[in-house]
2 protein chains.
Amino acid sequence: MNNRKGILIVVSGFSGAGKGTLLKSLVSKYKNYQLSISATTRSPRDGEEDGREYFFVAKEKFEEMISKGELMEHAQYVGNYYGTPKKYVEEQMNQGKDVILEIEIQGALQIKKNYPDALLVFVMPPSILELKNRLIHRGSETMDLIESRMDRAKEEAKGIEEYDYLIVNEELDSSVEELHYVIEGAHHITSRNIEWIRKMREQLNEEVKGE
Amino acid sequence: MNNRKGILIVVSGFSGAGKGTLLKSLVSKYKNYQLSISATTRSPRDGEEDGREYFFVAKEKFEEMISKGELMEHAQYVGNYYGTPKKYVEEQMNQGKDVILEIEIQGALQIKKNYPDALLVFVMPPSILELKNRLIHRGSETMDLIESRMDRAKEEAKGIEEYDYLIVNEELDSSVEELHYVIEGAHHITSRNIEWIRKMREQLNEEVKGE
């Protein structure tokens, strides 16, 4: 379809469900997607770069961005702020990109309220046992932290019905394809093509005179 | 996702939009689809076979099927009955197939009412001029018949918003992919996976004891 509009896509999921890897792989395989870059007040981890994984900003700067309305959504998580700068997302969508935000459920619901056209996708592990195993095998986290992530998963699971689509991330390559299908399919939703339908009706009225 | 349920898909579109070719091509490329076979009281055209393109039945037989509730939908078109036998569709869906009905808008709306989980797809030509050209180049139809098909298109266009998805059939191979994406994507709609979500929540409750 000509002139298609970029879609705003929100992806959430339990810690350990593999969202990050899934999205990186999607974006490297298909060129019409762009990952949004969040701003955060948390410290960079080893190997993270400002402007690549996150925009790392001080708490005062972040609060200024909130008060100036420069964020599409923001939330606090384990004592730090996370938020999505509007400017970057809008620039990408104006270029026709489908822009993907990887955010927590609090932020996802703010987006749903403020951008009703956004597509909300929830990524799940194939089973809870598998989720726990993945967290354990990361090796970087204490059992206390793993338990707290499981608690959080239980909380987050209450909100799944707020999401439009569900991806069960069992095998990376299949999940990448599934997410691509979901987003490509969504471009064809009738309500996203009202302008095109209007044009067709005009042509029909031109062609078929009178009733 | 394990154990996925077959989806009932309804495809409509203007005469000349290329639905038939599109669906035949989809079904031959991907094995998870099954075309439904309609019953009709119209006469077979050259090369059509009973039980392949249609079940050809007498008017009395058709009316008996209606009164016995053996049809999922039925409609009259240019003086003939067309309808979808329930039995065939249900058998295919029970085998996990996504079953596609190629039917007119009257029938599509009956399906939507009786089977709210059905997916309604409307196929359009890239432009109305192109539609008219295609009808003319079929060579088999008089200009009067072409005009009446254009009139009908204008009527049908009023109902497009009743459909969930829109495919613009410009180039066959792309349209086949797009329709496949739409249907595959639809398998991931949250409300189609409630049973799976319930299972995950149970596992989470097992794993995370207490609040």
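I will try to describe carefully the structure that is included in this document. Model, not experiment: these values are computed from the prediction.

Cut-offs applied
- Residues numbered from 1 in each chain as written.
- Chains lettered and ligands numbered in written order.
- Predicted model: local features only at pLDDT ≥ 70, side-chain atom pairs only at ≥ 80, totals over all residues.
- Helix = DSSP H or I, 4+ residues; strand = E, 2+ residues; numbered from the N terminus.
- Buried ≥ 20, exposed ≤ 12 C-beta atoms within 10 Å, placed from the backbone.
- Contact = placed C-beta atoms within 7 Å.
- Nonpolar A, V, L, I, M, F, W, Y, C, P; charged D, E, K, R; others polar.
- Pairing = 2+ DSSP bridges.
- Axes fitted to C-alpha atoms, helices over the stretch in contact; angles between N-to-C directions.
- Parallel < 35°, antiparallel > 145°, perpendicular 65-115°, else oblique.
- Left-handed = near helix turned anticlockwise from the far one by under 90°.
- Least-squares fit on C-alpha atoms with pLDDT ≥ 70 in both.
- Core = buried A, V, L, I, M, F, W, Y, C linked by C-beta atoms within 7 Å.

## Quick word on the overall build of chain A
When you go through chain A residue by residue, the secondary structure sums to eight helices and nine strands. Summarising its shape, the C-alpha atoms of chain A cover approximately 75 × 40 × 30 Å along the three principal directions. Expressed as a percentage of its 211 residues, the buried residues of chain A come to 36%. Put simply, 69% of the contacts in chain A that link residues at least 6 apart link residues at least 24 apart.

## Here's the deal with the interface of chain A and chain B
Across the contact, 35 residues belong to chain A and 35 residues belong to chain B. Secondary structure elements with two or more residues in the side of chain A that touches chain B: α5 (128-138), α6 (143-157), β9 (165-168), α7 (172-186) and α8 (194-207) of chain A. Taken together, the residues of the side of chain A that touches chain B break down into 20 nonpolar, six polar and nine charged.

## Describing the sheet that holds strand β1 (residues 8-13) of chain B
Residues and elements named next belong to chain B. Spatial strand order, β2-β7-β1-β8-β9: five strands in an open sheet with parallel pairing. Every interior strand has two partners, whereas the edge strands, β2 (33-35) and β9 (165-168), have only one. Across the sheet, the mean angle from the axis of one strand to that of its neighbour is 25°, orientation sign disregarded. Of the pairings in the sheet, the one linking β1 to strand β8 (residues 119-124) comprises five bridges and is parallel in character. Looking across to β8, one finds that S12 is bridged to F122.

## Re the packing of α7 of chain A against helix α7 (residues 172-186) of chain B
Closest axis-to-axis distance for the α7 of chain A/α7 of chain B pair is 7 Å, and the angle between their directions is 115°. Taken together, α7 of chain A and α7 of chain B sit at an angle that is classed as roughly perpendicular. For the pair α7 of chain A and α7 of chain B, the sense of crossing is left-handed. Residues Y181, V182, E184, G185 and A186 of chain A of α7 of chain A touch α7 of chain B, and the partners they reach there are Y181, V182, E184, G185 and A186 of chain B. Of the residues belonging to the contact of α7 of chain A with α7 of chain B, the class tally is six nonpolar, two polar and two charged.

## What about the relation of the copies chain A and chain B?
Superposing chain A onto chain B takes a rotation of 180° plus a shift of 0.0 Å along the axis, which leaves an RMSD of 0.0 Å. The transformation relating the two chain copies, once decomposed into turn and shift, fits a two-fold axis. The position closest to the rotation axis in chain A is occupied by the C-alpha of Y181 of chain A, lying 2.3 Å away. Of the residues that chain A buries at the interface, 100% are likewise interface residues in chain B, meaning the two copies contact each other through the same surface.

## A look at the sheet that holds strand β4 (residues 54-56) of chain A
Residue and element names in this part refer to chain A. Spatially, the four strands line up as an open sheet ordered β4-β3-β6-β5, and their pairing is mixed. Two strands in the sheet have a free side with no partner beyond their single neighbour: β4 and β5 (71-77). In this sheet, adjacent strand axes meet at a mean angle of 25° when their direction is disregarded. Pairing geometry for strand β3 (residues 38-40) and strand β6 (residues 80-85), over two bridges, is antiparallel. If you follow T40 over to β6, its bridge partner there is Y82. Sitting on the sheet, helix α3 (residues 86-94) touches β5 and β6, and the angle it makes with β6 is about 30°.

## So, the environment of E141 of chain A
Residues and elements named next belong to chain A. Tracing the chain through its elements places E141 in the loop between α5 and α6. Judged by the 15 C-beta atoms lying within 10 Å of it, E141 is partly exposed. With sequence-adjacent residues up to four places away left out, E141 is seen in contact with L135 and I146.

## Comments concerning the nonpolar core
By size, the foremost hydrophobic cluster in this structure holds 92 residues, and its most contacted members are I9, V10 and V121 of chain A together with I9, V10 and V121 of chain B. Ignoring sequence-local partners within four residues, the contact set of V121 of chain B consists of I9, V10, V11, Y163, D164, Y165, I167, L179 and V182 of chain B.

## Re the environment of D50 of chain A
Mapped onto the elements, D50 of chain A comes out in the loop between β3 and β4. Every residue in contact with D50 of chain A, bar those within four places of it in the chain, is listed here: P44, F55 and F56 of chain A.

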